[in-house]
Amino acid sequence: MRTRPNKFDYISKKFEFPGGKIESGESPAETVVREIHEELKMNIEVEKEFLVVNHQYPDFGIEMHSFICSTPTRELELSEHISFKWLDANELEALDWAAADILIVDKLIKEIEQ
Ligand SMILES: Nc1nc2c([nH]c(=O)n2[C@@H]2O[C@H](COP(=O)(O)OP(=O)(O)OP(=O)(O)O)[C@@H](O)[C@H]2O)c(=O)[nH]1
């Protein structure tokens, strides 16, 4: 997903994975299901946890949990992003990713190439 212009220029209009912040009482896997439904009107199933990344941006730090998920359909409705792309592994590297996402992208490329 491509982010809207952001107050922090290092995140503005970068590509990121859909998701969002954990709410009180939620597990990270529950968060991703809720956020993807809220942001994209998509129903997904979490298959497995993929990678936990800790990243320090100049103004804040994040601990980001990523998951391999499945969905019966690719149909979605954007509500918070300016565009999206479905990509094969060999196309992932070409995008301008948020810095915190680079380790996830690298691991995806390695695992899918095997
Ligand atoms: N969802 C998501 N956020 C990411 C990724 N990579 C990354 O740096 N972030 C950053 O992590 C921060 C928290 O994500 P968020 O989706 O909750 O962003 P937000 O503060 O706009 O959301 P909110 O106000 O709806 O809670 C944002 O600054 C976002 O840009 C990613 O792959 N997915």
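For the protein chain, an unreviewed UniProt entry supplies the name 8-oxo-dGTP diphosphatase and the organism Psychrobacter piechaudii. As recorded by UniProt, the Cofactor (unreviewed entry) comment attached to the protein chain reads in full: "Mg(2+)".

Visitor: In this structure, what is going on with the environment of lysine 85? I would like to understand it.
Guide: Mapping lysine 85 onto the fold places it in the loop between β2 (61–70) and α2 (102–113). Measuring from C-alpha to C-alpha, the distance between lysine 85 and phenylalanine 15 comes to 9.3 Å, with 70 residues separating the pair along the chain. Once residues lying within four places of it in the same chain are set aside, the contact partners of lysine 85 are Phe15 and Leu95.

Visitor: Which parts of the structure should I look at to understand the side chain of glutamate 39?
Guide: With respect to the helices and strands, the residue glutamate 39 is situated in helix α1 (residues 28–40). No salt bridge is formed by the buried glutamate 39, whose closest oppositely charged neighbour, arginine 34, lies at an N-O distance of 7.8 Å. Those residues in contact with glutamate 39 that sit more than four places away from it in its chain are Pro18, Gly19, Glu77, Leu78, Ser79, Glu80 and His81.

Visitor: It is not clear to me how the pattern of salt bridges should be interpreted in this structure. Could you clarify?
Guide: Side chains bearing opposite charge may pair, as long as their charged atoms lie close to each other. Within the structure shown, the criterion is met by six salt bridges. We note a salt bridge from arginine 34 to glutamate 23, for which the minimum N-O separation is 3.6 Å. You can see arginine 34 sitting in helix α1 and its partner glutamate 23 sitting in the segment before α1, a full 11 residues away along the chain. Under the relative-accessibility criterion, arginine 34 is labelled buried at 17%. In this structure, arginine 34 engages glutamate 35 in a salt bridge whose closest nitrogen and oxygen atoms are separated by 3.3 Å. Three or more residues are tied together by salt bridges with common partners; here these are Glu23, Glu26, Arg34, Glu35 and Glu38.

Visitor: Explanation requested: the site of the ligand in the structure shown.
Guide: Near the ligand lie 13 residues; those nearest to it are Glu16, Phe17, Lys21, Tyr57 and Asp101. Separating an oxygen atom of the ligand from a side-chain N or O atom of lysine 21 is a distance of 2.4 Å. At a separation of 2.5 Å, an oxygen atom of the ligand approaches a polar side-chain atom of tyrosine 57. Contact with the protein chains covers 68% of the free accessible surface of the ligand, which is 610 Å².

Conventions and cut-offs
- Residues numbered from 1 in each chain as written.
- Predicted model: local features only at pLDDT ≥ 70, side-chain atom pairs only at ≥ 80, totals over all residues.
- Heavy atoms only, no water.
- UniProt positions renumbered as here; feature names shortened; annotations may be inferred.
- Helix = DSSP H or I, 4+ residues; strand = E, 2+ residues; numbered from the N terminus.
- Contact = heavy atoms within 4.5 Å.
- Buried < 20%, exposed > 50% of the residue type's maximum accessible area, 1.4 Å probe, protein only.
- Lys, Arg positive; Asp, Glu negative; His and termini not counted.
- Salt bridge = Lys/Arg side-chain N within 4 Å of Asp/Glu carboxyl O.
- Near = heavy atom within 4 Å.
- Polar contact = N/O pair within 3.5 Å; in protein donor to acceptor, adjacent residues only side chain to side chain.
- Areas by Shrake-Rupley, 256 points an atom, 1.4 Å probe, with all protein chains shown as cover.

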